[in-house]
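The chain contents come next:
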Amino acid sequence: MLERISRFFNKNKDLNSTGAYVYGPSEHCLSPEMINRDASKVVSTLQNAGFEAYVVGGCVRDLLLGLKPKDFDVATSAKPWEVKSLFRRSRIIGRRFQIVHVQFSREIIEVTTFRSNENQTSNKNQRQQTDSGMLTRDNVFGSVEEDASRRDLTVNALYYDPSDNSIHDFTNGLDDIDDRIIRIIGDPSTRFREDPVRLLRVARFAAKLGFGIESSTAEPMKHRAGDLQQVSPPRMFDETLKLFMSGNGLDTFKLLHEYNLFEYIVPQLNPMLNDHQGVPLKLVTQALTNTDIRIRSSQRVTPAFIYAALLWPAVQRLANNYEKNGNSPAYALSKAAGDIIAAQVPVTAIPKRFTIPMREIWDLQLHMKRCGGNRAKRLAEHPRFRAAYDFILLREQTGEDLDGLGDWWTQYQDADEDQRQSMAEDVLNSDKRPKRRRRRRNSPKPENG
Ligand code: ATP
Ligand code: MG
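Within every chain, residues take consecutive numbers counted from 1 along the sequence as written. Lettering of chains starts at A and numbering of ligands starts at 1, both following the order in which they are written. Only residues with pLDDT of at least 70 get local features here, since the model is predicted, and only at 80 or more are side-chain atom pairs given and counted; chain-wide, interface and lining totals rely on the full set of residues. Side-chain calculation: all heavy atoms of the structure are included, whereas hydrogens and water are not.

Examining the sheet that holds strand β4 (residues 90–93)
Inference 1: Taken in spatial order, the 8 strands of this open sheet run β1-β10-β9-β2-β3-β6-β5-β4, and their pairing is mixed. Two strands bound the open sheet, and with one partner strand each, they are β1 (21–23) and β4. The sheet shows a mean angle of 30° between the axes of neighbouring strands, direction not considered.
Inference 2: The rule for pairing is simple: two strands pair if DSSP sees at least two bridges between them. The secondary structure listing takes helices from DSSP runs of H or I that are at least 4 residues long and strands from runs of E that are at least 2 residues long, numbered from the N terminus. Taken together, the 4 bridges between strand β3 (residues 73–76) and strand β6 (residues 108–113) define a ladder with parallel strand orientation. Residue pairing for β6: Thr 76 is matched across the bridge by Thr 113. The convention used is that axes are lines fitted to C-alpha atoms, helices contributing only their stretch in contact, and that angles between N-to-C directions extend from 0 to 180 degrees.

This is the structure in structure tokens:
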């Protein structure tokens, strides 16, 4: 596909009146049929009403690269209320950044009015910035050219017009796609300060597309990493899902680590990554590898499992400390889990619907060790059993010695009712054996249960 793009490009591009390079139908590999029907309908309705409208952003980028777009976004000169008046099933959403959702039977098309990046301090209601330069409201409308310059990356600022099959390029985004480069638009430091989430987006798209990060974009990234602390915890949580649950989690993590961004995502894990011969690093690497494989084979993944893995080394360490202070293993684990989650939530606001299963996965690590009698049967019916079993396998994959626990549960699940019964009885018997033997000196070590 890239070869195809290169072939199409003619380097003697003409600028149109808005300052864009306009690539005609023979100069790129897109065609109107590639655009989702509902997005095309939104564009044509807006254009027929006299407004400018384009399909823009990630979908144009992905189609040029032969990837399947996640969603189709539309950008227009129509103001939010003008868009709303054209579509019966539509509503204006957002305060910080107003957009219109147009509802179709299958999906929602997001319609954004062209924004300007200019500072119009005369109207504080439209654009607000903190003292450090972070944008807290961005509703100053502008031209399509201005809209291109306020977008994050050149590869995300391509405007496709299905009506004449042309691509309008204000920032040399097509060249960067061709050269496989992630480049932030404008002055990198300023743009990162305005919205530190762009740091994460650079890492995410570089990993997703396998592109290199252009040097002046990369240069201020480590220095600006601390700005992530200013991003609201709910937004940070949403962004972490995109980082780790889009199928390129491991590559994204490596870049986050390289640019010192990871320490602002899971601060409790970051300093531990290389402890214990790098076991925590192995755990995260393996968890993300497994997640990437699951996503690519369309299996379900849950943020609870990923966060359970990301926080496990910290939970384990704290639980050990509590145990050393004389608490029971169950109490120590529960207290550590509560403390670690309480410290993570102000960074990435993990909702309760995920923290509860996280704690269950951790608790089951303890309960699943003792699986005699009817206990195994009950545990296997626990709603979080499958995740907890996968978590045991993950820990073993990472090199933790759990006395063959993963194998035991694998066999248990494959066994019929009679075999299960005898497996559980064996555990009960082997549980009893060591107690009797403990009284005898020089007794041989009990066999693994
Ligand atoms: P994908 O949907 O595949 O993850 P995308 O590029 O479409 O990628 P979205 O988050 O859907 O990403 O955003 C749509 C477009 O809005 C982007 O392509 C980019 O042009 C612009 N955009 C998104 N977030 C920002 C930001 N923080 N700063 C500037 N522009 C942004
Ligand atoms: Mg998108």
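Having seen the model, we can carry on.
Observations concerning the nonpolar core
Inference 1: Side-chain atoms within 4.5 Å link the members of a nonpolar core, which is a set of buried Ala, Val, Leu, Ile, Met, Phe, Trp, Tyr and Cys residues. Each residue is assigned to one of three classes by its accessible area relative to the maximum for its type, calculated with a 1.4 Å probe on protein chains only: buried under 20%, partly exposed between the two thresholds, exposed over 50%. Ranked by size, the top nonpolar core spans 99 residues in total, and within it Phe 244, Leu 261, Phe 262 and Trp 362 carry the most contacts.
Inference 2: The element contributing the most residues to this core is helix α14 (residues 303–324), with 13 residues.
Inference 3: The residues touching Phe 262, leaving out its near neighbours within four places in the chain, are Phe 244, Phe 253, Leu 256, His 257, Leu 269, Asn 270, Leu 273 and Leu 310.
Inference 4: The next biggest cluster of nonpolar side chains, apart from the first, holds 17 residues, and it includes Leu 364, Met 368, Leu 405 and Trp 409. It only takes one pair of heavy atoms within 4.5 Å for two residues to be counted as in contact.

Here's the deal with the site of ligand 1
Inference 1: Close contacts around ligand 1 come from 18 residues, with Arg 61, Lys 70, Asn 156, Asp 195 and Arg 198 the closest.
Inference 2: Take Lys 70: an N or O atom from its side chain is 2.8 Å from an oxygen atom of ligand 1.
Inference 3: Note on areas: these come from Shrake-Rupley sampling with a 1.4 Å probe, and a residue is covered only by the protein chains present in the view. About the coverage of ligand 1: the protein hides 85% of its 580 Å² of free accessible area.
Inference 4: When residues of the shell around ligand 1 are assigned to their parent elements, the largest contribution, 5 residues, is made by helix α8 (residues 197–209).
Inference 5: In this classification, Asp, Glu, Lys and Arg are treated as charged, Ala, Val, Leu, Ile, Met, Phe, Trp, Tyr, Cys and Pro as nonpolar, and every other residue, Gly included, as polar. Residues that form the shell around ligand 1 fall into these classes: 1 nonpolar, 3 polar and 14 charged. Think of it this way: one heavy atom of a residue within 4 Å of a molecule or strand is enough to make that residue near it. Contacts described as polar in this section are N or O atom pairs within 3.5 Å, which, within protein, must combine one atom able to donate a hydrogen with one able to accept it, while residues neighboring in sequence count only if both atoms come from side chains.

Thoughts on unusual backbone geometry
Trans is the prevailing form of peptide bonds, just as negative phi is the prevailing case for residues other than glycine.
Inference 1: Although it is not a glycine, Asn 172 adopts a positive phi angle of roughly 60°.
Inference 2: Tracing the chain through its elements places Asn 172 in the loop between β10 (166–169) and α6 (173–179).
Inference 3: Relative accessible area serves as the criterion here: at 32%, Asn 172 is assigned to the partly exposed category.
Inference 4: The phi torsion at Asn 260 lies on the positive side, around 60°, for a residue other than glycine.
Inference 5: Tracing the chain through its elements places Asn 260 in the loop between α12 (249–258) and α13 (275–296).

Here we look at the packing of helix α15 (residues 329–344) against helix α16 (residues 352–367)
Inference 1: It is at 10 Å that the axes of α15 and α16 come closest, and there the two elements cross at 155°. Comparing their axes, α16 and α15 come out roughly antiparallel. Relative to α16, the crossing made by α15 is right-handed. Contacts from Pro 329, Ala 330, Leu 333, Ser 334, Ala 337, Gly 338 and Ile 341 in α15 reach Thr 355, Met 358, Arg 359, Trp 362, Asp 363 and Leu 366 in α16.
Inference 2: Across the contact of α15 with α16, the residue classes break down as 8 nonpolar, 3 polar and 2 charged. Oblique is the label for every angle not falling under 35 degrees (roughly parallel), over 145 degrees (roughly antiparallel), or within 65 to 115 degrees (roughly perpendicular). For any pair of crossing helices, the crossing counts as left-handed if the nearer helix is rotated counterclockwise from the farther one by less than a right angle, and right-handed if it is rotated clockwise.

A few points about the pairing of β4
Looking along a regular strand, one sees side chains alternate from face to face of the sheet.
Inference 1: Looking at chain direction, β4 and strand β5 (residues 99–103) are connected through 4 bridges and run antiparallel. Bridge assignment links Ile 93 to a residue of β5, and that residue is Ile 99.

A few points about the confidence of the model for the protein
Inference 1: The score called pLDDT rates the predictor's confidence residue by residue, from a low of 0 to a high of 100. When pLDDT is averaged along the protein, the result is 89; 89% of the residues meet or exceed 70.
Inference 2: Here residues 1–12 is modelled with pLDDT under 50, and outside its nearest four sequence neighbours on either side it reaches 26 contacts, counting other chains as well.
Inference 3: Note that pLDDT drops below 50 for residues 433–449; the model gives that stretch 8 contacts with residues more than four away or on any other chain.

Topic: the packing of aromatic side chains
Inference 1: By convention, a stacked pair of Phe, Tyr or Trp rings (six-membered ring in the case of Trp) has centres within 6.5 Å and planes under 30 degrees apart, an edge-to-face pair has planes over 60 apart, and any other such pair is tilted. Per the counting criterion, the structure on display carries 15 aromatic pairs.
Inference 2: Ring geometry for Phe 385 and Tyr 389: centres 6.1 Å apart, planes at 10°, overall stacked. Placement of both Phe 385 and Tyr 389 in helix α18 (residues 385–397) is noted, with a separation of 4 residues, approximately one turn of the helix. For the pair Phe 385 and Tyr 389, a shared accessibility class is recorded, and that class is buried.
Inference 3: Measuring from centroid to centroid gives 5.3 Å for Trp 408 and Tyr 412, while their planes differ by 15°, and the two rings are stacked. With Trp 408 and Tyr 412 both in helix α19 (residues 405–414), this residue pair falls 4 residues apart, about one helical turn. Accessibility classification places Trp 408 together with Tyr 412 in one group, the buried group.
Inference 4: What links up through ring pairs into an aromatic cluster is the set Phe 385, Tyr 389, Trp 408, Trp 409 and Tyr 412.
Inference 5: Over the ring of Phe 97 we find Arg 115; its NZ or CZ atom is 4.1 Å from the centre of that ring. Put simply, a charge is over a ring when the Lys NZ or the Arg CZ is close to the ring centre, within 6 Å, and near the line of the ring normal, within 35 degrees.

Some remarks on the pattern of salt bridges
Inference 1: What makes a salt bridge here is a side-chain nitrogen of Lys or Arg within 4 Å of a carboxyl oxygen of Asp or Glu, nothing more. Scanning all chains against the criterion turns up 17 salt bridges.
Inference 2: Among the salt bridges present, the one from Arg 224 reaches Asp 227, with a minimum N-O distance of 2.5 Å. Exposure class is identical for Arg 224 and Asp 227. Each is buried.
Inference 3: For Arg 384, the salt bridge identified is with Glu 360, shortest N-O distance 2.8 Å. Placement of the pair is Arg 384 in the loop between α17 (375–380) and α18 and Glu 360 in helix α16, with a sequence separation of 24 residues.

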